[in-house]
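Each chain, letter by letter, is given below.
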Amino acid sequence: MIKFLGCKIDVSKKVFLPRPETEYWTKIAIKDIANFESKTSHSLKKPNYNIKVLDIFAGTGCIGIAVLKHTKNTFVDFVDIDEESLDQILINLSLNKISPKRYRIIKSNVFANLGGKRYHFILANPPYVALERKNEVDKEVLQKEPHNALFAGKKGLSFIKKFLKEAKDHLKPYGKIYMEFDPRQIGELRKILIKKGYQFEFRKDQFKKWRYLVAWV
Ligand SMILES: C[S@@+](CC[C@H](N)C(=O)[O-])C[C@H]1O[C@@H](n2cnc3c(N)ncnc32)[C@H](O)[C@@H]1O
């Protein structure tokens, strides 16, 4: 069992283990969501779960579960391609006593099964390790965590490219994307974001490394 922003995260399936860097930016994203919530839902007597959040490449579901735990009016779609991960997400939602009225779990290859659905916040930690750096990854990580949760082709950009190509069409007006990346990808990412017409900001993690971006259109 792992703790992630005060949530219990079971990792008994073969899934990606949540990292402290992800916990760091998720906390910041939650503050942003809570701020949006206070502006849009403060007068509600009963929550209507109207703030739509997407946790894509969800793994254990740690990001979306932390959002649900620390905000009142959010609804989260959890997306992953891996069956073990989808099972793990359900286990973790019930472990954290999240009402089934507040989420859906969707098996999808990135956005393929999401139709035209749009979100106020899209939170993503895609696989981003460059295949050519496989020999730099810890043996234990390679043994315990699934290959397709870690690696993303040349320069580690294959899923990021696919994600950024479509993500803007799944944002509601004024919606925002939070996405984690490898600090070495920042130059390529800048080019992709400009080409795809995003406005964006790169941010550092708790170890002073470029680690995540916030993007909007
Ligand atoms: C780096 S892990 C992130 C897990 C979790 N969000 C976290 O931060 O701990 C990436 C996840 O993406 C999933 N994944 C890989 N390829 C995918 C695809 N084509 N579509 C959707 N999810 C995918 C993997 O199964 C894995 O759970």
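Residues numbered from 1 in each chain as written. Predicted model: local features only at pLDDT ≥ 70, side-chain atom pairs only at ≥ 80, totals over all residues.

With that settled, the discussion passes to the site of the ligand. Neighbouring the ligand are 22 residues, the closest being Phe57, Gly59, Asp82, Asn125 and Ala149. At the level of secondary structure, the elements contributing two or more residues to the shell around the ligand comprise helix 2 (62-70), strand 4 (74-80) and helix 5 (147-150). Of the residues belonging to the shell around the ligand, the class tally is 13 nonpolar, seven polar and two charged. (Near = placed C-beta within 6 Å. Helix = DSSP H or I, 4+ residues; strand = E, 2+ residues; numbered from the N terminus. Nonpolar A, V, L, I, M, F, W, Y, C, P; charged D, E, K, R; others polar.)

Looking now at the environment of tryptophan 25. With respect to the helices and strands, tryptophan 25 occurs in helix 1 (residues 20-40). Tryptophan 25 sits in the buried class, given 23 other C-beta atoms within 10 Å. The spatial distance from the C-alpha of tryptophan 25 to the C-alpha of arginine 184 is 18 Å, given a sequence separation of 159 residues. Ignoring any residue separated from it by four or fewer positions in sequence, one finds tryptophan 25 in contact with Tyr178, Glu180, Asp205, Arg211 and Tyr212. (Buried ≥ 20, exposed ≤ 12 C-beta atoms within 10 Å, placed from the backbone. Contact = placed C-beta atoms within 7 Å.)

The next thing to look at is the nonpolar core. Within the largest apolar cluster, 49 residues are counted, with the highest numbers of intra-cluster contacts made by Val53, Ile122 and Leu123. Looking at this core, the element that brings in the most residues is helix 2, giving six residues. Apart from the residues lying within four places of it in its own chain, the contact partners of valine 53 are Ile33, Gly64, Val67, Thr74, Phe75, Val76, Tyr119, His120, Phe121 and Leu123. (Core = buried A, V, L, I, M, F, W, Y, C linked by C-beta atoms within 7 Å.)

Burial analysis of helix 2 places seven of its nine residues in the buried class, the great majority of the element. Buried within helix 2 we find Cys62, Ile63, Gly64, Ile65, Ala66, Val67 and Leu68.

Moving on, we get to the packing of helix 1 against helix 2. Two numbers describe how helix 1 lies on helix 2: the axes approach to 10 Å, and their chain directions differ by 40°. Relative to helix 2, the element helix 1 is oriented oblique. In the packing of helix 1 onto helix 2, the handedness of the crossing is right-handed. Residue-level inspection shows Thr22, Thr26, Ile30 and Ile33 of helix 1 in contact with helix 2, the latter providing Ile63, Ala66, Val67 and His70. Broken down by class, the residue content of the contact of helix 1 with helix 2 amounts to five nonpolar, three polar and no charged. (Axes fitted to C-alpha atoms, helices over the stretch in contact; angles between N-to-C directions. Parallel < 35°, antiparallel > 145°, perpendicular 65-115°, else oblique. Left-handed = near helix turned anticlockwise from the far one by under 90°.)

What follows covers the sheet that holds strand 4. The strand order 5-4-3-6-7-9-8 describes an open sheet built from seven strands, whose pairing is mixed. Here the strands that pair on one side only, and so sit at the sheet edges, are strand 5 (103-107) and strand 8 (199-204). Each neighbouring strand pair of the sheet contributes to a mean axis angle of 15°, computed without reference to strand direction. Where strand 6 (residues 119-124) and strand 7 (residues 171-180) come together, five bridges link them in parallel fashion. Residue pairing for strand 7: leucine 123 is matched across the bridge by tyrosine 178. Along the sheet, helix 3 (residues 83-95) contacts strand 4 and strand 5; its crossing angle with strand 5, the most-contacted strand, is approximately 170°. (Pairing = 2+ DSSP bridges.)

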